[in-house]
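Observations on the model geometry
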Amino acid sequence: MTTETPQLTGAEIAVRCLQEEGVEHVFGYPGGSVLYLYDALFNQDILKHILVRHEQGAVHAADAYARSSEKVGVCLVTSGPGVTNIVTGIATAYMDSIPMVILTGQVPTHAIGLDAFQECDTVGITRPVVKHNFLVKDVKDLALTIKKAFYIARTGRPGPVLVDIPKDVSFHKCAFSYPAQIEMRSYNPVIKGHAGQIKKAVQMILSAKRPMIYAGGGVILADAAKELNQLVDTLGYPCTNTLMGLGGYKASDSKFVGMPGMHGTYEANLAMQNCDVLVAIGARFDDRVIGNPADFAKHQRQIIHIDIDPSSISKRVKVDVPIVGDVKDVLQEVIRQVEAGSIRPDAQALADWWKQIEEWRSRDCLKYDRKSAKIKPQYVVEKLWELTGGDAYVTSDVGQHQMWAAQFYRFDKPRRWINSGGLGTMGVGLPYAMGVQMAHKDATVACITGEASIQMCIQELSTCKQYRLPVKVLNLNNGYLGMVRQWQQIEYGSRYSESYMDALPDFVKLAEAYGHVGMQITKPADVEGAIREALKLKDRCVFMDFLTDPKENVWPMVQAGKGLTSMLLGSEDL
Amino acid sequence: MKRHIISILIENEAGALSRVAGLFSARGYNIETLTVAPTEDPSLSRMTIVSVGSDDVIEQITKHLNRLIDVVKVVDLSEGAHIERELMLVKVRATGKEREEMKRMAEIFRGRIIDVTDKTYTIELTGDVAKLDAFIEAIDRALILETVRTGASGIGRGERVLKV
């Protein structure tokens, strides 16, 4: 009998680390360099592995798994092409600050740098699109590295962290112990906001005459939707949520003025521009949100900016009161001081401001032709919202359908709206829906997509079959790369260069070929019935191909480079 | 646009340099010079970067450097009193009457001749950037065979210390 600590292989250690982190699902695809890891997965039943059809599907699914839950998404792929296939997905997660840990196989340490089969410089290729990455050269460093990876991914401004594991490291053995705590001298994210700055901000908020609350994805990531709702409701101020922040404040409340920006509402953009105090919370003054920064700066207003990342502050817009800290923590303190303070908002000024906003709102900027003989894409989204009671998880791809989903599905809860905001990656919709469905087994998950985007990852319909993921795909099929066509119409003299796809597949047959239910809907009168029927098929994946009006555009629109209030409200403005 | 000298303490890990260099190229920031070597604590490297930019850009640079996971500390030395030095090695043609003149110039600039052949001198010179530039200006350009400069290293004056 020996009393020595048991020696585990690197692969067994990696699997044990994931178990210790409470990981339940790993999205991946095997290959030569990760065979030991897959062998270790085979010998346990705590982690469930989801085998996708293309590595890009794995990384997007892990990303959405994280977006829709409070967990870190985990993805596992092999070296070389396995890695290059996930770069788009890593960049997508990085742009939206999504916590993910990606384990990649690498050729054995002795072969690194020798152009070995399926070798690529993984750490080098991914460096600009990860929060951090590691190459583990010694099995003794593996457990600590994975611990660090999870810690870095989920704390501070979250983001993807990659751990590259050479094949020999995965079969070398050492004793395993997983550190309970970790400290890094080079990484200490700030949590508490500066007390003096918070006090100053509260005074500014309470003495505003035309206040505006502008909340972004940081609210969702920090799980601070409850606090945001409480603050807005206490103050009675108007609130806008960015594309990444939808659901942060309840859209069904009249204080919600819609999304701001390029395809934001008239009232949100005018309030952003004309307010006297702008409270930016977990938002980054993105070019799609504030339009031309010089035009935005023309209007005098004081800006408070709460963000966990100091580099987001005064990056595109100079702010007056920066508060670096965890959004949830800072908001709790702001609420405490607002409630305890003696100053009350100026009720008369606020009433006048709301009167102005209601006047802007009465332009009804999201109106569309409800009598059309063609299916209007907006109508499909509205019906989905109605029939799911506003309570579905909705993923989208990128383009016109994404904007219509954001405008017409009114999200009341955080983590329900899953889309690629920063990078704008076409193809995410279906793998996103898979990731969400894995995280929320019994929830209704709808993927609003277009006939172009869906074809970028359509192979994942096969994964949906294997794992019986009852995703509902709503394909808003207008035959065009719609957003490209819209820009070409407006800015390129209607020269529709390569924005029309001939020879689309028969999506009904395609869905059926993958073992799913396919439907084609051609008339507005059939929209509601089809969605109802699809929702009734609780355990089936249903592909609804809606043939929509090919000429419909997303309104309102602020053209790129224009000021936020130079809005086109419809084709009559062209 | 102002010249800034930024000091960084960074974990002495493989790839640390490329993270810093990659940040500058990805965000379009300018690097005039960059020097790096381990400190007395071999787990840490000290880097000095000279960059030219507006105040806003330099602020973004220091924020983004701080955001790198391996970076332990960042300080913009130009915000306070500091000393900077750079090492230059110059190989010059030294024949005939120019041989004596070159030796004299090296002495004036407090340089040292560290390698001699019958046709050349190699002169070692340290100082701030302006002094090294001045030496180049002072000697006959046609005699310069080769120059190599390290880029600036900087340190705060007095009690100002950059340490973990």
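Attention in this report is confined to the structure presented alongside it. Because the structure is a prediction, the values reported are computed rather than measured.

To continue, consider the overall build of chain A. The number of helices and strands found in chain A is 23 helices and 21 strands. Over its C-alpha atoms chain A spans a radius of gyration of 25 Å, differing by no more than 12% from the 25 Å that the globule rule assigns to 574 residues. On the principal axes, the C-alpha backbone points of chain A span a range of 85 × 60 × 40 Å. For chain A, with 574 residues in total, the buried portion stands at 55%. At a minimum sequence separation of 6, the contacts of chain A that also span at least 24 residues come to 77%.

Another point: the overall build of chain B. Each helix and strand in chain B was counted, giving four helices and nine strands. A buried classification covers 26% of the 164 residues belonging to chain B. Long-range contacts, defined as pairs at least 24 residues apart, comprise 73% of the intrachain contacts of chain B with a sequence gap of at least 6.

Working note: a packed helix pair is described by the angle between its axes plus the distance between those axes. Residues and elements named next belong to chain A. Relative to each other, helix 1 (residues 10-20) and helix 7 (residues 142-154) sit at 30°, their axes nearing to 9 Å. Regarding the angle of helix 1 to helix 7, the classification is roughly parallel. Remark: the crossing between helix 1 and helix 7 carries right-handed chirality. Contacts between helix 1 and helix 7 pair G10, I13, A14 and C17 from the former with L142, A143, I146 and K147 from the latter. Looking at the contact of helix 1 with helix 7 residue by residue, the classes come out as six nonpolar, one polar and one charged.

One key point about sheets: their strands pair by backbone hydrogen bonds, in either a parallel or an antiparallel sense. Residue and element names in this part refer to chain A. The strand order across the open sheet formed by six strands is 3-2-4-5-7-6, and the pairing between neighbours is parallel. Edge strands, defined here as strands with exactly one partner in the open sheet, are strand 3 (48-51) and strand 6 (132-135). Taken pair by pair, the neighbouring strands of this sheet meet at an average axis angle of 20°, ignoring direction. The sheet contact formed by strand 2 (residues 25-28) and strand 4 (residues 73-77) spans two bridges and is parallel. Bridge pairing in strand 4 links F27 to C75.

Bring the parts together and some accessible area is lost; that lost area is often taken as the interface size. Facing eleven residues of chain A, the contacting portion of chain B comprises 15 residues. Among the residues forming the side of chain A that touches chain B, the class breakdown is five nonpolar, three polar and three charged.

Here we come to the nonpolar core. Grouped together as the largest cluster of nonpolar side chains are 206 residues, with contacts concentrated most on A14(A), C75(A) and V101(A). The residues touching C75(A), leaving out its near neighbours within four places in the chain, are F27(A), G28(A), A58(A), V59(A), A62(A), I86(A), M100(A) and I102(A). Counting residues in each nonpolar core, the second largest holds eleven residues, with V92(B), A94(B), M102(B) and I123(B) among its members.

Moving on to the pairing of strand 5 (residues 82-93) of chain B. All names here are of chain B. Looking at chain direction, strand 5 and strand 9 (residues 153-156) are connected through four bridges and run antiparallel. Bridge pairing in strand 9 places H82 opposite G156. One ladder, built from eight bridges, connects strand 5 with strand 7 (residues 120-127); its direction is antiparallel. Residue R93 lies in a different strand from strand 7, and its bridge partner there is T120. Where strand 5 meets strand 8 (residues 144-149), five bridges bridge the pair, whose relative direction is antiparallel. In the sheet register, V90 faces strand 8, and the bridge partner there is T147.

This part covers the sheet that holds strand 11 (residues 277-281) of chain A. All names here are of chain A. Taken together, the five strands give an open sheet; going across it, the order is 10-9-11-12-13, and neighbouring strands pair in parallel fashion. With one partner strand each, in any of the chains shown, strand 10 (239-241) and strand 13 (321-324) form the two edges of the open sheet. Pairs of neighbouring strands in the sheet enclose a mean axial angle of 15°, with direction left out of account. Here strand 9 (residues 211-215) runs beside strand 10; their pairing, made up of three bridges, is parallel. From the neighbouring strand, A215 faces strand 10, where its bridge partner is N241. Across the face of the sheet, helix 9 (residues 195-206) comes into contact with strand 9, strand 11, strand 12 (302-307) and strand 13 while running at roughly 130° to strand 13.

To continue, consider unusual backbone geometry. Residue and element names in this part refer to chain A. Look at the link from W555 to P556: it is a cis peptide, with omega at -5°. Inspection of the secondary structure assignment puts P556 in the loop between strand 19 (542-547) and strand 20 (557-558). Despite not being glycine, Q118 shows a phi value in the positive range, around 55°. Residue placement: Q118 occurs in the loop between strand 5 (100-106) and helix 6 (122-126). For Q118, a count of 16 C-beta atoms within 10 Å puts it in the partly exposed group.

Definitions and cut-offs
- Residues numbered from 1 in each chain as written.
- Chains lettered and ligands numbered in written order.
- Predicted model: local features only at pLDDT ≥ 70, side-chain atom pairs only at ≥ 80, totals over all residues.
- Helix = DSSP H or I, 4+ residues; strand = E, 2+ residues; numbered from the N terminus.
- Rg over C-alpha atoms; globule rule 2.2 N^0.38 Å.
- Buried ≥ 20, exposed ≤ 12 C-beta atoms within 10 Å, placed from the backbone.
- Contact = placed C-beta atoms within 7 Å.
- Axes fitted to C-alpha atoms, helices over the stretch in contact; angles between N-to-C directions.
- Parallel < 35°, antiparallel > 145°, perpendicular 65-115°, else oblique.
- Left-handed = near helix turned anticlockwise from the far one by under 90°.
- Nonpolar A, V, L, I, M, F, W, Y, C, P; charged D, E, K, R; others polar.
- Pairing = 2+ DSSP bridges.
- Core = buried A, V, L, I, M, F, W, Y, C linked by C-beta atoms within 7 Å.

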